[in-house]
Every structure is written in C-alpha cells, then in structure tokens.
Amino acid sequence: MAFSRISKLDPPCRGIFRKAAVMLCTLFTSLFLLHCLTGRCSTTSPVKASSGRAAGLFEDFRSLRTKRLAYQWTPGSELTGYGVARRSSRVLADERSGQVSELPEEESFILPPPDLVASRKVSPRFAGKLSPLGEGSKKLPQALIIGVKKGGTRALLEFLRVHPDIRAVGAEPHFFDRNYDNGLEWYRELMPKTLEGQITMEKTPSYFVTREAPARISAMSRDTKLIVVVRDPVTRAISDYTQTLSKKPDIPSFESLTFKNRTTGLIDTSWSAIQIGIYAKHLDNWLHYFPMEQILFVSGERLISDPAGELGRVQDFLGLKRIITDKHFYFNQTKGFPCLKKAEGSSKPHCLGKTKGRTHPNIDPEVVQRLRDFYRPFNMKFYQMTGRFFGWED
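All chains use their own residue numbering, which begins from 1 and follows the written sequence. Only residues with pLDDT of at least 70 get local features here, since the model is predicted, and only at 80 or more are side-chain atom pairs given and counted; chain-wide, interface and lining totals rely on the full set of residues. Note: side-chain values were computed over all heavy atoms of the structure, leaving out hydrogens and water.

K.L.:
Describe in detail the overall build of the protein, supporting the description with residues and values.
P.N.:
Put simply, DSSP H or I for four residues or longer makes a helix, DSSP E for two residues or longer makes a strand, and each gets a number counted from the N terminus. A tally of helices and strands in the protein yields 14 helices and 13 strands. Only protein chains enter the area calculation, which uses a 1.4 Å probe; residues under 20% of their type maximum are buried, those over 50% are exposed, and those in between are partly exposed. The burial tally for the protein puts 40% of its 394 residues in the buried class. Intrachain contacts of the protein at a sequence separation of at least 6 include 67% that bridge at least 24 residues. All accessibility values rest on the Shrake-Rupley procedure with a 1.4 Å probe; residue burial counts only the protein chains present in the view. Working note: accessible area of the protein is about 22,800 Å², and carbon and sulfur atoms make up 56% of it. Contacts are assigned to residue pairs that have any heavy atoms within 4.5 Å of one another.

K.L.:
Which residues make up the sheet that holds strand E4 (residues 143–147), and what are the values?
P.N.:
The pairing criterion for strands is at least two bridges between them, as found by DSSP. Taken together, five strands build an open sheet; the order of strands is E5-E7-E4-E8-E11 and the sheet is parallel. For this open sheet the edge positions go to strand E5 (166–168) and strand E11 (295–299), each flanked by a neighbour on one side alone. Strand-to-strand twist of the sheet, defined as the mean angle between neighbouring strand axes without regard to direction, takes the value 25°. Relative to strand E7 (residues 199–203), E4 runs parallel, the two being bridged by three bridges. Within the sheet, the bridge partner assigned to Leu 144 lies in E7 and is Glu 202. Against the sheet, helix H5 (residues 153–160) touches E4, E5, E7, strand E8 (225–230) and E11, its axis set at about 160° to E4. Between N-to-C directions, angles span 0 to 180 degrees; the directions come from axes that are lines fitted to C-alpha atoms, helices contributing only their stretch in contact.

K.L.:
Describe in detail the packing of H5 against helix H13 (residues 307–317), supporting the description with residues and values.
P.N.:
Interaxial distance between H5 and H13 falls to 11 Å at its minimum, and their mutual angle equals 75°. Judged by the inter-axis angle, H5 sits roughly perpendicular to H13. For the pair formed by H5 and H13, the contact residues are Leu 156, Phe 159 and Leu 160 on the first element and Pro 307, Leu 311 and Val 314 on the second. When its residues are assigned to classes, the contact of H5 with H13 shows six nonpolar, no polar and no charged. Here is the rule for angles: anything less than 35 degrees is roughly parallel, anything more than 145 is roughly antiparallel, 65 through 115 is roughly perpendicular, and the remaining ranges are oblique. Note that Gly is not counted as nonpolar here; it falls among the polar residues with everything else outside the nonpolar set of Ala, Val, Leu, Ile, Met, Phe, Trp, Tyr, Cys and Pro and the charged set of Asp, Glu, Lys and Arg.

K.L.:
Explain a nonpolar patch on the surface residue by residue, including any values.
P.N.:
Together, Leu 24, Leu 27, Phe 28 and Leu 31 make up a nonpolar patch on the protein surface, roughly 410 Å² of accessible area in all. Tracing the chain through its elements places Leu 31 in helix H1 (residues 2–37). Every patch collects residues that have over 30% relative accessible area and no salt bridge, joining them within 9 Å if they carry like charges and within 5 Å if they are nonpolar side chains (Val, Leu, Ile, Met, Phe, Trp, Tyr). Salt bridges, as used here, are contacts in which a Lys or Arg side-chain nitrogen is within 4 Å of a carboxyl oxygen on Asp or Glu.

K.L.:
Requested: an account of the packing of aromatic side chains, with residues and values cited.
P.N.:
When two rings of Phe, Tyr or Trp (its six-membered ring) have centres within 6.5 Å they constitute a pair, described as stacked for plane angles under 30 degrees, edge-to-face for angles over 60, and tilted for the intermediate range. Going through the model one piece at a time under the given rule, you end up with 24 aromatic pairs. With 4.9 Å between their ring centres and 75° between their planes, Phe 175 and Phe 176 make a pair best called edge-to-face. Just as Phe 175 is buried, Phe 176 falls in that class too. Following the ring pairs from residue to residue traces out a cluster consisting of Tyr 279, Phe 297, Phe 382, Tyr 383, Phe 389, Phe 390 and Trp 392. Sitting over a ring, as applied to charges here, requires NZ of Lys or CZ of Arg to be within 6 Å of the ring centre and within 35 degrees of the ring normal. One residue, Lys 225, lies across the ring of Phe 317, its end atom 5.4 Å from the ring centre.

Written out as structure tokens, the structure reads:
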C-alpha cells in the first residue's frame, strides 16, 4: 500500500521538476540578457545560440542598446548625436586655443537612424550630414556697432571678425533706420548662423544719429551691447566730405558748406558732415533707453595707433577671451593704417579697400580752427558723459 501511494505521487513530482527547470532556464536567460545590456559581455558571446532565431534575438538587443547609448534626447529638445556633441566641444575648444587638430576616425559623427527620425524623436533636419561645428541657428544680434560714419567702423568690424566667437554681417543692414517696417524676422534672416556661445553682430554707423534707433533697438532687446567708434569731429567732417567728393566731384567746397554765412562765421549744423560730430547731443538720446554700461566708445585714432589695445577693450566689453592681439596686425605705410596679417577665412594679409585712406583735400586753416572752436564745448560735454578723454583739442 505504501509503495502504491508513492508510485501515485511520482507523476506530480516529475511535473514539479520540469517546471522548476523551465523557471531556472528562464531566470538564467534573463540574467544573461541583462548582463549583455549593461555592456558586460563581449561582442563575441561565450554561449552560442542554438538556433537562428535566438541569434537574431541577441542581435536585436545589441542593436537597440547601441541606438540608446549613441543618442541623447530630452523631452522638448532636438536629439543630438553623442559623437556630434563630443566632437563639437573638442573643436570649439581647439579653435579658442588657436589649434585645430584632426580627431581619430572613431570620433566621426553619429547620424540618427531612420527609424528614430520616423518616430519623431529627432528633428528631420538632423537626418542629413552634420558639419563639424553643427548647423547653428540665426539669432538677432546681441551687439551692434552703431556709429559713427567715417569713424573707423569698417576697420573695427573687419578686425573683430577674426575672433572665432564673433559672427557678423558684412553689409550694413540699415534695419533700425531705413528698413524697420520689414520686421524682426526679415532682420533675423540677414544674420549669419551662430553656435552656442558665439555673438551675432552687425554695424550700421547711421544708427547713432537716427532719432528712432534707440527706442527700436531697446524694443528688440534691452540687453543689446552698443559700440560707437568716435573720431576727432573736425577730421571726421573732412573725411565725410572727401567721400562725398569722390562720388560727386561737382559739389561746393568744404568751406562754403561749413557756414551758413561765411562773413558772420555761423556754422551750418544742418549739414550732416557737421551735425554727426556733435556726439554729446546724440548720446543724450541713447541714454534715455540704455545705461552707459551697455555702450562702449572706441577711439578711431587709437584704432590706428594701437589696434590691439582698442580690440582688447572691445573683447572685454563683449565678455570674450582676448584672442585678437598684436600678432594679428601689421602697419601699412602706404595706406597709413593697420592691416590684418590674416583675414577671416584666409591665410593672406588683408587691408581695407581702396576707398579707405583717401587723401583729404587742403582745407583753409582758418575754417579748421573755427570748427575746432565750435566743437570744443560739445567735446568737453562728451568727455564728461563718457568718462574718457579723447584729446581732440591737441
């Protein structure tokens, strides 16, 4: 009887053993897969899959792991390739130190797989090939060179474009004086693409004397940094006249345009060449919208005699590392002003065009002195407002 009872229990025991064996196999398989997904198993597995289906399963898991580790994505942002982010930071660091090195091939760019693009986890515009520094985006300028005409604004812009963290429009947009009705999006489209940490700039010298410009720029951004290149107003007026004379040789003489009445000696302040040089008057308009700390005044004279020194002040003002130094300049004796040893994107020396450095006509010394007397009180006021002495009376 006892033997028969034990025999009757045999089938259930065998069933329990079979279930236990299945559970153990499942557990070991799960542990092995978890071991592989955490990256602790080599690419050549010590366990060979017993069937094509099992091998395919392992390959699927490896492929999924690769995709997850190769890309970083956070909700609300575009997915960025791990390799792209790592290489971009390296290249930017190298550029800032002045050395660009070639990286090994294993750090080449990882492009988003088609299935991730299709599932909308990555922006479609990243589906193509990316450039070494990324695509960047167009932004409204954070800094503007707002004046003054014939002060040295073109030279300053060309010098600043040597800096890797400055991206600037070459032509003058004239947005805040002539094209404001086109809207900010039109203005943004004129800007070059920039990366994180780079500054977008443009220069239009007529902004400084445009009555509406301060309010319009403030409406765009109250944090905009403003740069004004100023020069001896008498020399600036003669340079302004010289430029006009080169385009219109039949205009009246400088002396006749300077005075409303030569006999009385009354200066004609309605003539733009004279009016621009009354810097204190124009600055007063800007100070209604921007604090003095957001405006930097660059000496046009020192931009010629000590370009590296003035560029150092500008780089500090913009919060940038002083990369542009003496080593970037040489003095051109023919033109009478400094030139770049290497321009942006070029290995050749670069001087400003033939329209810069024109020979001024001879002006009656008496007229020059009358102009100096006229500008003196305005200059003194300007020195007080800016806290800087420019020495235009010497």
